[in-house]
Amino acid sequence: MATKASQMQTTLPPEDLEPMLDLSRFLEQVAEPAALVGPDGQTVGLPAEAYRVLIDVVHAMSQGRAITVAPVDQVLTTQEAADFLGISRPTLVKLLEFGRIPFERPAASRHRRVRLADIVAYQQQSAQERSDALDAMTRESVDLGLYDDPSVDYTVALRRARKGD
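For the structure given in this document, a descriptive report is provided here. (Residues numbered from 1 in each chain as written. Predicted model: local features only at pLDDT ≥ 70, side-chain atom pairs only at ≥ 80, totals over all residues. Heavy atoms only, no water.)

1. Topic: the overall build of the protein chain
Assigned secondary structure in the protein chain consists of six helices and six strands. Put simply, the protein chain runs from its N terminus to its C terminus through helices and strands in the order β-α-β-β-α-β-β-α-α-β-α-α. Burial analysis of the protein chain (165 residues in total) assigns 21% to the buried set. The long-range share in the protein chain, meaning contacts at least 24 apart out of those at least 6 apart in sequence, stands at 52%. For the protein chain, the exposed area adds up to about 11,900 Å²; of that, 55% sits on carbon and sulfur atoms. (Helix = DSSP H or I, 4+ residues; strand = E, 2+ residues; numbered from the N terminus. Buried < 20%, exposed > 50% of the residue type's maximum accessible area, 1.4 Å probe, protein only. Contact = heavy atoms within 4.5 Å. Areas by Shrake-Rupley, 256 points an atom, 1.4 Å probe, with all protein chains shown as cover.)

2. Examining helix α3 (residues 78-85)
Buried within α3 are the following residues: Thr78, Glu80, Ala81, Ala82 and Leu85. On the buried face of α3, the contacting elements are β5 (75-77), α4 (89-97), β6 (113-115) and α5 (116-143).

3. Observations regarding the packing of α3 against α4
Direction vectors running N to C along α3 and α4 enclose 100 degrees, while the axes themselves pass 9 Å from each other. In terms of their interaxial angle, α3 and α4 are classed as roughly perpendicular. Where α3 abuts α4, its residues Thr78, Gln79, Ala81, Ala82 and Leu85 lie against Arg89, Leu92 and Leu96. Classifying every residue of the contact of α3 with α4 gives five nonpolar, two polar and one charged. (Axes fitted to C-alpha atoms, helices over the stretch in contact; angles between N-to-C directions. Parallel < 35°, antiparallel > 145°, perpendicular 65-115°, else oblique. Nonpolar A, V, L, I, M, F, W, Y, C, P; charged D, E, K, R; others polar.)

Shown next, in the form of structure tokens:
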């Protein structure tokens, strides 16, 4: 992602994942935030928030995934926002134009900018909408008795459910 390194930084996992796996196993056994020890022996407590981030980072990197750390008020280009969501830039632009995600246009510019906080909010809202839809489909299936009779032809039952029979 092409932003200032001081604001957003992507780190690739090490080629040798064994030390990261060791750290991951260690963190799984530690119930409370630990402390950091500096090269001079000075110890400082690790706040719970930083500890949770450390656990997430180590877990992802131990699976070979890269990590990007960015402040929530970070402003992204449309390509960066699309990459974050795992969608194409044209799909993101449609979401922006339909008002699903707020965006800004800097003065005298045709380029859109999107706040990371808005992208995260959209991601959470979409996940909730998908979950709600699956819950509704499950309730409908139970109401139609699709789980009761193993001889039910699901394609016929789904066709009936779609038609509202």
